[in-house]
Amino acid sequence: MRDEALAQIITDIKRKRELAGLADTVVRGKVLKALRAQPKLSSLLDRPFKEFSRRADYKALRREVRRRLREIYGVFDLDNKRQREALVSKGDVRDMTVVRQLLALHQSSKERLPFYPRVYREIFSRTGVPSTILDIGCGANPYSYHFLGCKPRYVAVDLPSDELALLNTFFERAGIDGEVKGLDVVDDADCIGKLGSFDVCFCFKLLDSLETVKRHSAKKVLGSLNAQWIIVSFPTLSIGGGKRIKQERRTWFEHFLAKQEWSYESFEIPNEVFYIIPKGLPERPLRKRKAVLVNDERGGSDTAVMREETIEERTIEEKRRS
Ligand SMILES: C[S@@+](CC[C@H](N)C(=O)[O-])C[C@H]1O[C@@H](n2cnc3c(N)ncnc32)[C@H](O)[C@@H]1O
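All figures in this text were calculated on a predicted structure; none of them were measured in a lab.

Draft legend 1. Geometry of the overall build of the protein. Scanning the protein from N- to C-terminus turns up 16 helices and eight strands. By residue count, 34% of the 322 residues in the protein fall in the buried class. A separation of at least 24 residues holds for 72% of the contacts in the protein among residues at least 6 apart in sequence.

Draft legend 2. Region of interest: the nonpolar core. Counting residues in hydrophobic clusters, the biggest one holds 59 residues, and the most contacted among them are Ile-136, Cys-201, Cys-203, Ile-230 and Ile-231. At six residues, strand S4 (residues 198–204) tops the list of elements feeding residues into this core. Leave out the neighbours within four places in its chain, and Ile-230 touches Cys-201, Cys-203, Leu-222, Leu-225, Ile-277 and Lys-279. Counting residues in hydrophobic clusters, the runner-up holds 14 residues, among them Ala-5, Ile-13, Val-31 and Tyr-58.

Draft legend 3. Representation of helix H13 (residues 217–224) in the model. Within the span of H13, buried status applies to Ala-218, Val-221 and Leu-222. Along H13, the residues classed as buried sweep out an arc of 95 degrees about the axis, all on the same side.

Draft legend 4. Region of the structure containing the packing of helix H6 (residues 81–90) against helix H10 (residues 162–174). Where H6 meets H10, the axes come as close as 8 Å, and the angle between the chain directions of the two elements is 25 degrees. Judged on the interaxial angle alone, H10 and H6 are roughly parallel. The way H6 lies across H10 gives a crossing that is left-handed. Of the residues in H10, those in contact with Arg-84, Glu-85, Val-88 and Ser-89 of H6 are Leu-166, Thr-169 and Phe-170. Class assignment of the residues belonging to the contact of H6 with H10 gives a composition of three nonpolar, two polar and two charged.

Draft legend 5. Inspection of the pairing of strand S6 (residues 265–269) at higher detail. Relative to strand S7 (residues 272–278), S6 runs antiparallel, the two sharing five bridges. Looking at the pairing, Glu-268 lines up with Val-273 of S7. The turn linking S6 back onto S7 is made up of two residues.

Draft legend 6. Region of interest: helix H9 (residues 116–127). A rise of 1.5 Å per residue sets the reference length of H9, with its twelve residues, at 16 Å; its end C-alpha atoms lie 16 Å apart and thus fit the reference within 8%. Residues of H9 that are buried include every one of Tyr-116, Pro-117, Arg-118, Val-119, Glu-122, Ile-123, Phe-124 and Thr-127, and no others. Taken from the residues just after H9, Gly-128 is the one with a positive phi, measuring 90 degrees.

Draft legend 7. Main features of the pairing of strand S2 (residues 153–158). The buried fraction of S2 amounts to five of the six residues, a majority that puts the element mostly inside the structure. In the sheet, strand S1 (residues 132–136) pairs with S2 via five bridges, with the strands oriented parallel. Counterpart to Leu-134 in the pairing with S2 is Val-155. Examined bridge by bridge, S2 and strand S3 (residues 178–182) share five bridges and lie parallel to one another. By the bridge assignment, Val-157 is partnered in S3 with Lys-181. Note on the crossover from S2 through H10 to S3: the handedness is right-handed.

Draft legend 8. The arrangement of the environment of Glu-122 in detail. Mapping Glu-122 onto the fold places it in helix H9. As for Glu-122 and Ile-276, which are separated by 154 residues in sequence, their C-alpha atoms are 9.4 Å apart.

Draft legend 9. Summary view of the packing of helix H1 (residues 2–13) against helix H2 (residues 24–36). Between H1 and H2, the shortest axis-to-axis distance is 10 Å and the interhelical angle comes to 110 degrees. In this view, H1 runs roughly perpendicular relative to H2, as classed from their interaxial angle. On H2, the residues touching Leu-6, Ile-9, Ile-10 and Ile-13 of H1 are Asp-24, Val-27, Arg-28 and Val-31. Residues that form the contact of H1 with H2 fall into these classes: six nonpolar, no polar and two charged.

Draft legend 10. Here's a closer look at the environment of Phe-234. As for its position among the elements, Phe-234 is in strand S5 (residues 227–235). For Phe-234, a count of 20 C-beta atoms within 10 Å gives the class buried. For the pair Phe-234 and Lys-205, spaced 29 residues apart in the sequence, the C-alpha separation amounts to 4.8 Å. In contact with Phe-234, not counting residues within four places along its chain, are Lys-205, Asp-208, Arg-250, Glu-272 and Val-273.

Conventions used here
Residues numbered from 1 in each chain as written. Predicted model: local features only at pLDDT ≥ 70, side-chain atom pairs only at ≥ 80, totals over all residues. Helix = DSSP H or I, 4+ residues; strand = E, 2+ residues; numbered from the N terminus. Buried ≥ 20, exposed ≤ 12 C-beta atoms within 10 Å, placed from the backbone. Contact = placed C-beta atoms within 7 Å. Core = buried A, V, L, I, M, F, W, Y, C linked by C-beta atoms within 7 Å. Arc of directions from axis to C-beta. Axes fitted to C-alpha atoms, helices over the stretch in contact; angles between N-to-C directions. Parallel < 35°, antiparallel > 145°, perpendicular 65-115°, else oblique. Left-handed = near helix turned anticlockwise from the far one by under 90°. Nonpolar A, V, L, I, M, F, W, Y, C, P; charged D, E, K, R; others polar. Pairing = 2+ DSSP bridges. Expected span 1.5 Å × (residues − 1). Right-handed = clockwise from strand over helix to strand, strands pointing away.

Below, the structure written as structure tokens:
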């Protein structure tokens, strides 16, 4: 009965279009957590759902779970889901116009879109050229593969959802050595180390939401990663470019880095700040430097431009050996 009631709650929550693509297991976890905080409501789960779902405390729980899911799932533009599917399954996924359209369909990558060449140039000039990349909480970021300026093996991790299947089709059709993994990194932080070892790991605009869901979970994720370099980013403007997010919001993270004695460099683009952290390399002091980039990238920049501008051509392996 309880399982039946849970299934009905999950279906009810997923009636919102933007949440419909989430795997039931993801929603179930959040529902169970919310129910644990409401023993009275939980004790009524065996009532007929029609009656149960009219209760004000159930409606409040449903609202809260949906809010949480939106917060952690990020904002895919669902009005454009059909367009995204058509682009991935029928479009020329090696064409930069198509790639830009795909990146524009998720809030985070849309905001980063004019700056991709610059972001990857900034990162790889410090890390060297990666042969392997792990992208955790990837959202639509893997669609930026052609902006990397190199051809690493790419493993993309996100909560299980049908968006990952689409990403897989993109990898296949674009001839990318890529793989997708549906994983809740809060619940399965230990699995991250088992994904293998990587030259570079991206954690773009992810850690705050992990910490909101479970305190210290972001630190656990960073600790479990098997990567030479970790690149973490945070938004500096609230979604949609509204209010400036104060630097103090990242104090917990900078304290954590200091405690681990992990050095870092950082740089900014208008809506986002990036930290470049040499996790796996033998400790070598890095100058803490902040390069603030304010200029817009010219609209037409793509991989061709990336190759002309010299990102350091040494691979991470060569760098490590020297
Ligand atoms: C704000 S979006 C950022 C997307 C992408 N990293 C970018 O910056 O373009 C946060 C992403 O993290 C994913 N995410 C949130 N919590 C997660 C978890 N516990 N495990 C795996 N992925 C998670 C969400 O599904 C979403 O795609």
